[in-house]
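Residue-level structure breakdown
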Amino acid sequence: MKIVVLTGAGISAESGLATFRDADGLWEGHDPMRVATPEAFAAEPDLVHRFYDQRRARLARVEPNAAHRALARLEASVGDDLLVVTQNVDDLHERAGSERVHHMHGRLRSAWCVACGERHDWEETLGDRPPCPACGSASLRPDVVWFGEIPYGMDAVEEALWECDLFVAIGTSGQVYPAAAFVHWARHDTLELNLDASSTSSDFAQARRGPATELVPAWVD
Ligand SMILES: CC(C)NC(=O)[C@H](Cc1c[nH]c2ccccc12)NC(=O)[C@H](CCCC/N=C(/NCCC(=O)O)S[C@H]1O[C@H](COP(=O)(O)OP(=O)(O)OC[C@H]2O[C@@H](n3cnc4c(N)ncnc43)[C@H](O)[C@@H]2O)[C@@H](O)[C@H]1O)NC(=O)OCc1ccccc1
């Protein structure tokens, strides 16, 4: 049975990472959806760098939880029949042992040089702007997909959704596209595992409510 699992901020909430809807969705009084844009980076690069520096520092202080670990166990048992597509820029799936993880919105620990196009592991050097290790120019940006930008690897994701027998969404509010449309791209069985009702709950064949650290192990084991 081929399975595609979509994860959102809710799967990392119990590890201590804020969701986009937490804390009335504000970061330092800014709407994250307004900070996570190419326009904000062009206008206030230091503000945007600070947003990602703080999230990178926070990520270094948290650990994967039982939901991440359960998905890693599932991969160990079904192998290539499982693909995790995550909207999250954290690395908690990989730190839990998952290998087949596609970061459709990028990765917090990756830097992208807009001058030479090279990608690098982001130096944990808070506050100072390291030059690109490849071309030396001060053109590094967070390697994340901002609002208005095209998500990574959409062709492969679309194919996997078309091929899968089961699509499962975990910890996502269904408010950001194209991820929110995936339930419509899947052709067979669909299941939502979420704390609260999402904007797309009624589009799923089945929906279970509760914290991911309970729902995901219960579904996997
Ligand atoms: C706001 C929204 C209306 N806007 C969009 O969707 C826009 C515009 C748009 C495009 N198409 C549309 C159609 C209609 C309307 C608008 C659009 N989309 C884009 O710009 C996208 C790019 C969007 C990506 C932006 N970057 C992010 N992140 C990276 C950066 C960063 O992280 O800083 S989005 C970011 O926000 C989203 C947050 O959503 P969730 O993860 O769901 O988190 P949220 O906080 O909302 O909800 C948490 C959920 O968990 C639950 N929960 C909480 N705790 C727990 C718990 N303990 N256990 C279980 N569940 C839990 C809660 O109940 C809740 O339901 C994630 O995607 C996250 O990655 N690009 C694009 O469309 O390009 C074209 C295109 C499309 C297709 C093919 C080719 C080209």
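Along each chain, numbering runs from 1 in the same order as the chain's sequence is written. It should be noted that, the model being predicted, local features are given only for residues of pLDDT at least 70 and side-chain atom pairs only at 80 or more, the latter also being counted only at that level, while totals for whole chains, interfaces and linings use all residues. Side-chain metrics rest on all non-hydrogen atoms present in the structure, leaving aside hydrogens and water.

The protein chain appears in an unreviewed UniProt entry as NAD-dependent protein deacylase from Nocardioides seonyuensis. Reading the Subcellular location (unreviewed entry) entry of the UniProt record for the protein chain gives the comment "Cytoplasm". UniProt positions are given in the numbering used here, feature names are shortened, and annotations may be inferred rather than shown by experiment. Listed in UniProt under the heading Function (unreviewed entry), the comment for the protein chain reads: "NAD-dependent lysine deacetylase and desuccinylase that specifically removes acetyl and succinyl groups on target proteins. Modulates the activities of several proteins which are inactive in their acylated form."

**Quick notes on the sheet that holds strand β2 (residues 82–86)**
Within the open sheet, the six strands sit side by side as β3-β2-β1-β7-β8-β9. Their pairing is parallel. Taken across any chain shown, the strands that pair with only one partner, and hence form the sheet edges, are β3 (101–103) and β9 (206–209). Adjacent strand axes in the sheet meet at a mean angle of 15°, parallel and antiparallel pairs treated alike. Two strands pair under a simple rule: DSSP has to find at least two bridges between them. Helical segments are the DSSP runs of H or I of at least four residues, strand segments are the runs of E of at least two, and each set is numbered from the N terminus. Here strand β1 (residues 3–7) runs beside β2; their pairing, made up of five bridges, is parallel. Within β2, the position partnered with L6 by the bridge is V85. Contact definition: two residues touch when any of their heavy atoms are within 4.5 Å. Whenever a helix is involved, its axis is fitted only over the stretch in contact; in every case the axis is a line through C-alpha atoms, and angles between N-to-C directions fall within 0 to 180 degrees. Across the sheet, helix α5 (residues 66–78) touches β1, β2 and β7 (166–170), and the angle it forms with β2 is around 150°.

**Some details on the pairing of β7**
The element β7 is largely enclosed, with a buried count of five among its five residues. Going residue by residue along β7, you find L166, V168 and I170 tucked away on one face and F167 and A169 tucked away on the opposite face as well. Pairing of β1 with β7 involves five bridges; the strand directions are parallel. Within the sheet, the bridge partner assigned to T7 lies in β7 and is I170. In the sheet, β7 pairs with strand β8 (residues 189–194) via five bridges, with the strands oriented parallel. From the neighbouring strand, L166 faces β8, where its bridge partner is D189. Whether a residue is buried, partly exposed or exposed follows from its accessible area with a 1.4 Å probe, protein chains only, as a fraction of its type maximum: under 20%, in between, or over 50%, in that order.

**Observations regarding the packing of aromatic side chains**
The pairing test for Phe, Tyr and Trp rings, Trp by its six-membered ring, is centres within 6.5 Å, and the orientation test on the planes gives stacked under 30 degrees, edge-to-face over 60, and tilted for anything in between. Counted by the stated rule, this structure contains five aromatic pairs. Judged by centre distance (4.8 Å) and plane angle (70°), the ring pair of F51 and Y52 falls under edge-to-face. On the basis of an interplanar angle of 20° and a centroid distance of 6.1 Å, the ring pair of F167 and F204 is categorised as stacked. Highlighted residues: F167 in strand β7 and F204 in the loop between β8 and β9, separated in sequence by 37 residues. What links up through ring pairs into an aromatic cluster is the set F41, F51, Y52 and W146. In this arrangement the basic side chain of R119 is found over the ring face of W112, its NZ or CZ atom lying 4.5 Å from the centre. One Lys or Arg, R187, reaches over the ring of W162 and ends 4.1 Å from the middle of that ring. Whether a charge sits over a ring comes down to the Lys NZ or Arg CZ being within 6 Å of the ring centre and within 35 degrees of the ring normal.

**Examining the sheet that holds strand β4 (residues 106–113)**
A sheet is described by the order of its strands in space; here three strands give the open sequence β5-β4-β6, paired in antiparallel fashion. In this open sheet, the two edge strands, each paired with only one partner strand, are β5 (119–121) and β6 (140–144). With strand direction ignored, the average angle separating the axes of adjacent strands in the sheet is 45°. Note: β4 against β6, four bridges, orientation antiparallel. Within the sheet, the bridge partner assigned to W112 lies in β6 and is R141.

**Some remarks on helix α9 (residues 212–220)**
Considered for burial, the residues of α9 that qualify are A212, L215, V216, P217, W219 and V220. Where the residues of α9 are buried, they touch β1, α1 (10–13), α5, β7, β8 and β9.

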